[in-house]
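Secondary and tertiary structure notes
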Amino acid sequence: MAENKGLTPRGEDFNAWYNDVVLEAELADYSPVRGSMVIRPWGYGIWENMQKGLDGLFRDTGHENAYFPLLIPMSFIEKEKEHVEGFAPELAVVTHAGGKELEEHLAIRPTSETIIYHMYARWVQSYRDLPILMNQWCNVMRWELRTRLFLRTAEFLWQEGHTAHATAQEAEAEALQMLNVYRRFMEEWVAMPPVTGMKSESERFAGAVRSHSCEALMQDNRALQAGTSHFLGQNFARQFDLKFQSEAGQEEYAWNTSWGVSTRLIGGMVLTHGDDVGIVVPPRLAPVQGVVVPIWRKEEEAVAVREKSDEVAARLKKTGVRVKVDGRGHLTPGAKFWEWERKGVPLRVEIGPKDLAKEQVVLVRRVTSGEEPRKEFLPEAQAVAEMPGRLEAFQGALLQAARDRREANSHRGITDFGQLQEIMDGPGGFVYTGWSGDPAVEERVKAETKATLRVIPDPEFRSATAPTRCIGGGDAKMEVVWAKAY
RNA sequence: CGGGGUGUGGCGCAGUCCGGUAGCGCGUCGGCUUUGGGAGCCGAAGGUCCCGGGUUCAAAUCCCGGCGCCCCGACCA
């Protein structure tokens, strides 16, 4: 494939590549307000497909959608001590409205635990009112000092699930269940396989008892926290008086969880699959899974070619493929090829006069794996029939490639601090070591290597042999994963 | 919030040192020819040179002061 114009190659400057590719693929654009962005139709279409996938999984696990307001009384935010300390630096606050200063200032939600548990308290009297399993799709605002398109913006779109339960066990199970939902979604839709596990104290959500996380490894070997699920214990229930009468007639505080993923997932998708030509969108997320490009020379040909293109598109639509015919007359086929590749459409169907004569189409993959040809000449009927299967295979190949890359860049059994430092100074990636649980070790690692403790991995991600030595010296109590993070 | 860079038609840039008609490429619009990997020719439109002040006969250019944006670091989904 020829070199792409306009995009900084990944190898030259990865961050510049990321910015270029997000803008050039028309996912998003900068807005006039620093730190906020406009999500353009192509990017928003991907987000809508993410929403559909996640929403289905939420419903399958018994959750309902609702909507809570954008503005939260400052006094609410201030109720939970850790919560306010965690979010105060990045709060945006409405102080004036209707031409005068407000008696009580209103925070623009950075997350909605406080308002939601306040409302739950009104709705719950008895254990019979539990559990409450709710989710909302909304925007939130965190006044970040340093922002990046999709990865960290002042305003972003997300979903936040909030549940209330009668017992701690049930709430803990919920937090783990949703972590697993996220994991499945990231694997099966985004083709971005995370390592799941628990956060250390220092990385825990402000106000949570325990935070669980999905950590994905990007192409530049930095970790992206792609989704989190929190067991909140009774911390918020106590502050918001969320109580119920138990079966035994006792008054008890409810147990809560909250969990969220955001448009950051789009950034993760770009950083996982993109190449020097543009982004690559996994078929399940692609607003257009197959683009049909008609090719002609003379007007007489154009009519027949367009007709055939529409016909093939209609037949593809019937097989459930999201398809678009690019019949624009002022662009050459080559220009269209580049454009749709830059935007990451998985498969392309080319139909020209030669194909009409042979009753064939040309099928081109955005990326290939193994011995797959990039371009194939197939009988029209076969191409149509095989398209859904090929999209599935494409989806699977992306996941496999991402998983292989993650494992190839995971360094296990590291016991020596110098080795950890060497990896972080060099190639980077996930580094598995033992840890005593002492925060001072985290601080030392961060200070000397810039890596942070991403996650205490769940059993299936742990190394075959449990480490015995802590990376900071002494005995290990657990295995942990270090990486430089986004 | 510190360090660096940058601000000139929609986009990318030159011009700034050394003041003197605001230019180039891409894109856009119109016409004709084109279309199997980023089309060609002809014509056209499009600019408070980031903002404010100052110096000067004259400022994109020199001086002073502001602002925006991007990148790099400290904090974060």
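About the criteria used
Residues numbered from 1 in each chain as written. Chains lettered and ligands numbered in written order. Predicted model: local features only at pLDDT ≥ 70, side-chain atom pairs only at ≥ 80, totals over all residues. Heavy atoms only, no water. 1 Å grid on protein atoms, 1.4 Å probe; cavity = no way out; pocket = protein on both sides within 12 Å on 5 of 7 lines; lining within 4 Å. Points joined across faces, edges and corners; volume = space filled by probe spheres on them. Helix = DSSP H or I, 4+ residues; strand = E, 2+ residues; numbered from the N terminus. Nonpolar A, V, L, I, M, F, W, Y, C, P; charged D, E, K, R; others polar. Domains from an automatic or database assignment. Expected span 1.5 Å × (residues − 1). Buried < 20%, exposed > 50% of the residue type's maximum accessible area, 1.4 Å probe, protein only. Pairing = 2+ DSSP bridges. Axes fitted to C-alpha atoms, helices over the stretch in contact; angles between N-to-C directions. Left-handed = near helix turned anticlockwise from the far one by under 90°. Contact = heavy atoms within 4.5 Å. Phe/Tyr/Trp six-rings, centres within 6.5 Å; stacked < 30°, edge-to-face > 60°. Lys NZ or Arg CZ within 6 Å of the ring centre and 35° of its normal.

In this approach a probe as big as a water molecule rolls over the atoms, and the regions it shows empty are the leftover space. In this structure, the largest pocket encloses a volume near 1600 Å³. For the lining of the largest pocket, the elements supplying multiple residues, two or more each, are α4 (81-87), β8 (155-165), β11 (223-233), β14 (255-262), α14 (439-449) and β22 (452-457). When residues of the lining of the largest pocket are assigned to their parent elements, the largest contribution, 7 residues, is made by β11. Considering only residue class, the lining of the largest pocket consists of 15 nonpolar, 16 polar and 18 charged. Looking at the lining of the largest pocket, you find at least three residues from each of domain 1 (14-273) and domain 3 (410-483). Considering only enclosed or pocket space, the second largest pocket measures out at about 300 Å³ in volume. Elements that contribute at least two residues to the lining of the second largest pocket include exactly α8 (264-273) and α12 (380-408). For the lining of the second largest pocket, a count of residues per class yields 8 nonpolar, 6 polar and 5 charged. For the lining of the second largest pocket, the domains that each give at least three residues are domain 1 (14-273) and domain 2 (290-397).

Next up on the list: helix α9 (residues 299-318). For an α-helix the count is 3.6 residues per turn, leaving residues at separations of three or four pointing the same way. Here α9 is 20 residues long and its end C-alpha atoms lie 29 Å apart, about the 28 Å a rise of 1.5 Å per residue gives. Backbone geometry just after α9 places glycine 320 at a positive phi near 95 degrees.

Along β8, 10 of the 11 residues are buried, which leaves the element largely enclosed by surrounding structure. As paired strands, strand β7 (residues 132-141) and β8 are joined by 10 bridges and run antiparallel to one another. Across the sheet, tryptophan 137 pairs through a bridge with glutamine 159, a residue of β8. Where β8 lies against β14, 8 bridges are found, and the strand directions are antiparallel. In the strand pairing of β14, tryptophan 158 is matched with serine 262.

This part covers the packing of helix α2 (residues 41-60) against helix α6 (residues 168-188). The contact between α2 and α6 brings their axes to 10 Å, and the two run at 145 degrees. Crossing handedness for the pair α2 and α6: right-handed. Contacts between α2 and α6 pair Met50, Gly53, Leu54, Leu57 and Phe58 from the former with Met178, Val181, Tyr182, Arg184 and Phe185 from the latter. Residue classes in the contact of α2 with α6 are distributed as 8 nonpolar, 1 polar and 1 charged.

Further remarks concern the packing of aromatic side chains. How two aromatic rings sit relative to each other is set out by the distance from centre to centre and by the angle between their planes. Under the definition given, this model contains 16 aromatic pairs. Between phenylalanine 231 and tryptophan 255 the ring centres are 6.2 Å apart and the planes differ by 5 degrees, which places this aromatic pair in the stacked class. Of this pair, phenylalanine 231 sits in strand β11 while tryptophan 255 sits in strand β14, and the two are 24 residues apart along the sequence. One aromatic cluster is present, formed by Trp47, Phe58, Trp137, Tyr182 and Trp259 through successive ring pairs. Over the ring of phenylalanine 337 we find arginine 348; its NZ or CZ atom is 3.9 Å from the centre of that ring. When the ring centre of phenylalanine 417 is taken as origin, the NZ or CZ atom of arginine 444, which lies over that ring, is 3.6 Å away.

In terms of burial, strand β10 (residues 210-217) is largely enclosed, as 7 of its 8 residues are buried. Inspection of the sheet shows strand β9 (residues 195-198) paired to β10 by 4 bridges, in the antiparallel sense. Opposite valine 195, over in β10, you have glutamate 215 as the bridge partner. In the sheet, β10 pairs with β11 via 8 bridges, with the strands oriented antiparallel. Across the sheet, the residue bridging to arginine 210 is phenylalanine 231, located in β11. Counting the residues that bridge the hairpin from β10 to β11 gives 5 residues, and of these asparagine 221 lies at a positive phi of roughly 70 degrees.

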